[in-house]
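As a plain string of letters, each chain reads:
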Amino acid sequence: MKIARNIGLRSFLLSFIFFFSVCLLYYIISVLKTDGNYIYLMDDAYIHLAMAKNFALYDVWGMTRYQFSSTSSSPLFTYILSVLIQIFGNNDQIPLYFNIIFSVGILYILSEYYAEIFNDVKKTVLAVLFTTFFIVLPLNLLSGMEHVFQVFLFAVNIFCFYHYNQSKSAIFGFYLSLLLMGVVRFESMFYFVILACMFALVRKWKETVFILFLGFIPIIIFCIYNYQQDGYFFPNSVVVKGTKLSFDAQILNQIKVILLDNLLLNISFYKIGFFPLLLCAIFIFRDLKTKTLKEVLKDNFLLIVFSLVMVCHAMFADLKGLLRYEAYILTGFCMVLIPKCKGLFFNVVDYIKKEKMVSLLISANVLLMIYKCWVAHPIMCNGGKNIYEQQIQSAKFLHQFYNTSKVVANDIGAISYYTNIHLLDIAGLGSVETIHFNENKKGFDQEFGSFLSKYCLDHQYEIAVVYEGWLQGYVPSYWKKAATLKIEDKITVARLEVSLYSINIRNLEELKQNIKTFNWNKNVTVTIIE
């Protein structure tokens, strides 16, 4: 054990140096393109920051300081940020520091885990680095969101699972990680349910009950609180983006979406989860031919769990989130499949000769890792630049001229964090009033157009900062376009061009003058509509 720990520590140090050298390189590249400021790769990071700021400073769980809005899809992560803001002050780099700390934790857990399997520094480092780049951990770290924390909890949970009968601390770590992960990401419910079912199949009833109880209690408490506030059990983002299965006239279409659109015809599923699933299937099928069902379940326990989690996630969650949402599943796949393939690390040629099909699938997963790193490269290089030129510039403009005004918007993170605006979010993430028009991925219609027109008049909204295309032709007739803001090279923004509208026609000329006065970034093309 002492030798394994020594190997684990040495492996951790080597992995740490390589991993953070890569992260530092991309950090520097990004900062050089954003006037010396580190800007997160997606606007979503600023949603967490805005809610954390408002909860820390004004005791309001919302995108603005004026009203409740359940926008964060990761309540625990956002709450931790709010605590850190209370302690250290309102610093937009806190999520980055948080992710650095938990990335160190991931590297340490993986190093200890693989060291016990390989008992060799080089092989352990190779396994650690493959895992971290297979899940594109550098991108998740630099994105400033909750996915690093989620991966850390899953790594701890799997590590403790394999040491469950060896120490009380492993049992404690196993259940504590389960307690926390549900309110870090709600997709963790797939894991709770499937894990509990597997324990039930092997007749471990105590573990089954504990998993369901500890996993769901924090979620239930949050959902009850959320429902009391806005009438929805889950956060707005889950309601708007999640896949529904309701037993009504639309059930056949919903089943078609779940099975075909989200799974079988979803190219992202084949890019992300198909090859790991095939590897799992081979190992499980082999054991079925030579072992009893009880032995198969025991020997392939987490292989089966993560295979089913992958399928459930594809059907009901999201596999198109810029390499973020699937990171926890791929961490699980690596931690259960690499030990099954460890012969490859000791004698490559003999293993390939003996295991041709497995070796082919391993090669496919290696190519998949390279592909994902290739996709992540421009995001890490230019994602922050995109956000800086579009969302941050919009936020600075609003802060200077409309800091407490009533604003209609669709990308709401940065503009909410850096200002004190009153917000109407047409996408439904920051405003419960518009959830109805965005549920289940439906498009806007005349009902939405009438609502938007009347709501903005009744509540005296002043300007809109929106992607015109997102309004789908339902721009109220009395809105007058003042200008467009255009950037180049779309990477992490939805559209290249943002439109600024005057909702109060009496302020149109003042808005145009403010746009002309503001010191826009040189890469933003500003066109005044005369």
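What counts and what doesn't
Residues numbered from 1 in each chain as written. Predicted model: local features only at pLDDT ≥ 70, side-chain atom pairs only at ≥ 80, totals over all residues. Heavy atoms only, no water. Helix = DSSP H or I, 4+ residues; strand = E, 2+ residues; numbered from the N terminus. Rg over C-alpha atoms; globule rule 2.2 N^0.38 Å. Buried < 20%, exposed > 50% of the residue type's maximum accessible area, 1.4 Å probe, protein only. Contact = heavy atoms within 4.5 Å. Areas by Shrake-Rupley, 256 points an atom, 1.4 Å probe, with all protein chains shown as cover. Lys, Arg positive; Asp, Glu negative; His and termini not counted. Charge placed at Lys NZ, Arg CZ, Asp CG, Glu CD. Axes fitted to C-alpha atoms, helices over the stretch in contact; angles between N-to-C directions. Parallel < 35°, antiparallel > 145°, perpendicular 65-115°, else oblique. Pairing = 2+ DSSP bridges. Expected span 1.5 Å × (residues − 1). Bend = angle between axes of the 7 residues up to and from the residue. 1 Å grid on protein atoms, 1.4 Å probe; cavity = no way out; pocket = protein on both sides within 12 Å on 5 of 7 lines; lining within 4 Å. Points joined across faces, edges and corners; volume = space filled by probe spheres on them. Nonpolar A, V, L, I, M, F, W, Y, C, P; charged D, E, K, R; others polar. Domains from an automatic or database assignment. Polar contact = N/O pair within 3.5 Å; in protein donor to acceptor, adjacent residues only side chain to side chain. Phe/Tyr/Trp six-rings, centres within 6.5 Å; stacked < 30°, edge-to-face > 60°.

A. Representation of the overall build of the chain within the structure. Scanning the chain from terminus to terminus reveals 24 helices and 6 strands. A compact globule built from 530 residues should have a C-alpha radius of gyration of about 24 Å, and the chain, at 25 Å, falls within 12% of that. Relative to its 530 residues, the chain shows a buried fraction of 57%. Taking contacts inside the chain between residues at least 6 apart in sequence as the whole, the part at least 24 apart equals 69%. Summing over all exposed atoms, the chain offers an accessible surface of approximately 23,100 Å²; the carbon and sulfur share of this is 63%. On the chain, the mean spot of the 45 positive side-chain charges and the mean spot of the 37 negative ones are 9 Å from each other.

B. Region of interest: the packing of helix α8 (residues 168–181) against helix α9 (residues 188–201). At a minimum axis separation of 9 Å, α8 and α9 run at an interaxial angle of 140°. By the angle between their directions, the pair α8 and α9 is classed as oblique. Of the residues in α9, those touching α8 at Phe174, Leu178 and Met181 are Ser188, Tyr191, Phe192, Leu195 and Phe199.

C. Representation of the sheet that holds strand β2 (residues 422–425) within the structure. Strands sit in the order β2-β1-β3-β5-β4-β6 across an open sheet of 6 strands; the sheet is mixed. Each of the sheet's edge strands pairs with one partner strand only, and the pair in question is β2 and β6 (525–528). Across the sheet, the axes of successive neighbouring strands diverge by a mean angle of 20°, strand direction being ignored. Where strand β1 (residues 406–409) meets strand β3 (residues 463–466), 3 bridges bridge the pair, whose relative direction is parallel. Looking across to β3, one finds that alanine 409 is bridged to valine 465.

D. Expanded view of the environment of threonine 78. By the secondary structure assignment, threonine 78 is in helix α3 (residues 75–88). When neighbours within four sequence positions are excluded, threonine 78 is seen to be in contact with His48, Met51, Ala52, Trp61 and Ser72.

E. Local environment of helix α10 (residues 205–230). Between its first and last C-alpha atoms α10 spans 37 Å; for 26 residues at 1.5 Å apiece the expected length is 38 Å, and the two agree. At phenylalanine 216, α10 is bent by approximately 35°, the largest bend along its length, and proline proline 218 sits one to four residues beyond. Looking only at α10, the buried set comprises Glu207, Thr208, Ile211, Gly215, Phe216, Pro218, Ile219, Phe222, Cys223, Asn226 and Asp230. Close packing links the buried residues of α10 with α3, α8, α9 and α11 (236–241).

F. Representation of empty space enclosed by the protein within the structure. Counted according to the given criterion, the structure contains 2 cavities of 30 Å³ or more. Estimated volume of the largest cavity: approximately 100 Å³. Every residue lining the largest cavity is listed: Gln390, Gln391, Ser394, Ala409, Asn410, Asp411, Ile415, Val465, Val466, Tyr467 and Val498. Those elements giving two or more residues to the lining of the largest cavity turn out to be α20 (356–401) and β3. The dominant element in the lining of the largest cavity, judged by the number of residues it contributes, is α20, at 3 residues. Of the residues contributing to the lining of the largest cavity, the split by class is 6 nonpolar, 4 polar and 1 charged. Taken together, Lys53, Asn54, Met63, Thr64, Arg65, Ser416, Thr419, Asn420 and Ile421 make up the lining of the second largest cavity. When grouped by side-chain class, the residues that make up the lining of the second largest cavity number 2 nonpolar, 5 polar and 2 charged. Residues from two domains meet in the lining of the second largest cavity; each of domain 1 (1–382) and domain 2 (383–528) gives at least three.

G. Spotlight on the layout of surface pockets. There is about 720 Å³ of room inside the second largest pocket. Taken together, 24 residues make up the lining of the second largest pocket; nearest its centre are Phe161, Tyr162, Lys298, Asp299 and Phe301. Here the residues of the lining of the second largest pocket are counted per class, giving 13 nonpolar, 3 polar and 8 charged.

H. Local environment of the domain arrangement of the chain. Examined at the domain level, the chain breaks down into domain 1 (1–382) and domain 2 (383–528). Domain 1 puts 44 residues into the contact, and the matching count from domain 2 is 37 residues. One can count 18 residue pairs in polar contact (both at pLDDT 80 or more) joining domain 1 with domain 2. Tallying contributions element by element places helix α2 (residues 44–58) first for the side of domain 1 that touches domain 2, with 6 residues. Residue classes in the side of domain 1 that touches domain 2 are distributed as 18 nonpolar, 17 polar and 9 charged.

I. Quick peek at the packing of aromatic side chains. Tallying each qualifying case throughout the model produces 60 aromatic pairs. Measuring from centroid to centroid gives 5.3 Å for phenylalanine 55 and tryptophan 61, while their planes differ by 90°, and the two rings are edge-to-face. Judged by relative accessible area, which is 25%, phenylalanine 55 ranks as partly exposed. Overall, tryptophan 61 belongs to the buried group, its relative accessible area being 8%. Here phenylalanine 102 and phenylalanine 149 contribute two aromatic rings whose centre-to-centre distance is 4.8 Å and whose plane-to-plane angle is 55°, an arrangement assigned as tilted.

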